[in-house]
There are 2 protein chains.
Amino acid sequence: MIRVYIAGPEVFLPNGFEQVERKRALCRAYGMEPSARQGDFLHYQGGDKFVFGTMIAKHNEELMLESDIIIANLTPFRGISADPGTVYEVGFMCALGRKAFGYTNTTRSYAERASADHYNGQVERAVSGRLVAVDGQMVEDHGMTDNLMIDGGIARSGGFILHGDAAPGVLFTDLTAYEACLKKITEHIGSSHRRCDTPQL
Amino acid sequence: MIRVYIAGPEVFLPNGFEQVERKRALCRAYGMEPSARQGDFLHYQGGDKFVFGTMIAKHNEELMLESDIIIANLTPFRGISADPGTVYEVGFMCALGRKAFGYTNTTRSYAERASADHYNGQVERAVSGRLVAVDGQMVEDHGMTDNLMIDGGIARSGGFILHGDAAPGVLFTDLTAYEACLKKITEHIGSSHRRCDTPQL
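Nothing here was measured: the structure is a model prediction, and the numbers come from that model. (Residues numbered from 1 in each chain as written. Chains lettered and ligands numbered in written order. Predicted model: local features only at pLDDT ≥ 70, side-chain atom pairs only at ≥ 80, totals over all residues. Heavy atoms only, no water.)

Observations regarding the relation of the copies chain A and chain B
(1) Moving on: Once chain A has been moved 0.0 Å along the axis and rotated by 180 degrees, it coincides with chain B to within an RMSD of 0.0 Å. In the structure described here, the two chain copies are related by an operation that fits a two-fold rotation axis.
(2) Moving on: Same-surface contact between copies: 100% of interface residues of chain A are shared with the interface of chain B. (Least-squares fit on C-alpha atoms with pLDDT ≥ 70 in both. Contact = heavy atoms within 4.5 Å.)

Okay, here's the thing in structure tokens:
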């Protein structure tokens, strides 16, 4: 059975635990197993915040090592890009040669979000064809979901990114795109006739 | 000789090429070799932006595979967190068991930036001890530079993060923290008596 590392910023939500459980249950409904392991950090009694954070990081890396694929929620989080913890995890799994899949609850590309949300529209198309912002910085414009390392890494791993279009109020709880992702993965893996842990690099 | 993958958002700067060259020259001045390789993408004649972006991603992953360590510029870029391409690369190198090092040109922690810059101070300490923002979301508060996967992964790889304090106008060009990082790495690697490519996981 395919073991799935479910990555995303849900842990920060007010109803984070319930949201994670909903995603885990849906994963099982599609015949895959969400990764799970007892974390040492749960028993940490020391008061060092940094050590505690590092224990959680270790736990998550161990979960990834025992997972076949990652499904990453790339919905922009506190800004124009995906949650950086999730992005780290996509890079980690791609380096291990595991298949990486993503979804995002917006249809807007990175270039659109950077231009509109970060630069308030103060972006111009230069003669070179590049998008250049008011501060002189180049805005990456590859028709991608986020930075090219993320989209490129996921594509090269053999995975894909699906785009949903959730209302602002349910941006982090709407699971339409996540479920579409699960459905497509089961079809994709069924038809590819190869193990998910085959190194792709 | 230690081969270094130099990661950061400099490529987006108006003077990106010169800034990258400055960083490469400093790396050599400290007795290490910046990774280099001719990229196929330089000769790409097709007009597909996505394919072009994926070729750059492939090129960068190949550079990482042949590098012993990564030095990542984690200075917040277009928001409260590090450039997501750089974060992907830190995760990628940590999964390969390479030592990861970082620097940032701000002394402010993730919790400070999220609270002040994203939530405009509308964050409270709950009875549980957690920092909770006005939207009910938990703000990660581990005394870390960024998301715990980044700080935790770097610490677990055997690396470290250094913090500079650059003026806003030179946030992406000041190389004081970068150079301190190079200096400390040469001391660190000299004293650790172990190969940089030893898997740490």
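Structure shown, so let's carry the discussion forward.
Re the packing of aromatic side chains
(1) Moving on: For the structure shown, the criterion picks out 14 aromatic pairs over all chains.
(2) Moving on: Ring geometry for F12 of chain B against F77 of chain B: centres 5.6 Å apart, planes inclined by 25 degrees, an arrangement best described as stacked. On the criterion of sequence distance, the pair formed by F12 of chain B in the loop between β1 (3-7) and α1 (16-29) and F77 of chain B in the loop between β3 (69-73) and α3 (84-95) is long-range, its members being 65 residues apart. Like F77 of chain B, F12 of chain B is buried.
(3) Moving on: Ring geometry for F41 of chain B against F52 of chain B: centres 6.1 Å apart, planes inclined by 65 degrees, an arrangement best described as edge-to-face. In this pair, F41 of chain B is assigned in the loop between β2 (33-34) and α2 (49-65) and F52 of chain B in helix α2, connecting sequence segments eleven residues apart.
(4) Moving on: Linked through ring pairs, F12, F77 and F172 of chain A together constitute an aromatic cluster.
(5) Moving on: A cation over an aromatic ring shows up here: K23 of chain B above the ring of Y178 of chain B, its NZ or CZ 4.9 Å from the ring centre.
(6) Moving on: R78 of chain B extends its terminal NZ or CZ atom over the ring of F12 of chain B, reaching a point 5.5 Å from the ring centre. (Phe/Tyr/Trp six-rings, centres within 6.5 Å; stacked < 30°, edge-to-face > 60°. Helix = DSSP H or I, 4+ residues; strand = E, 2+ residues; numbered from the N terminus. Buried < 20%, exposed > 50% of the residue type's maximum accessible area, 1.4 Å probe, protein only. Lys NZ or Arg CZ within 6 Å of the ring centre and 35° of its normal.)

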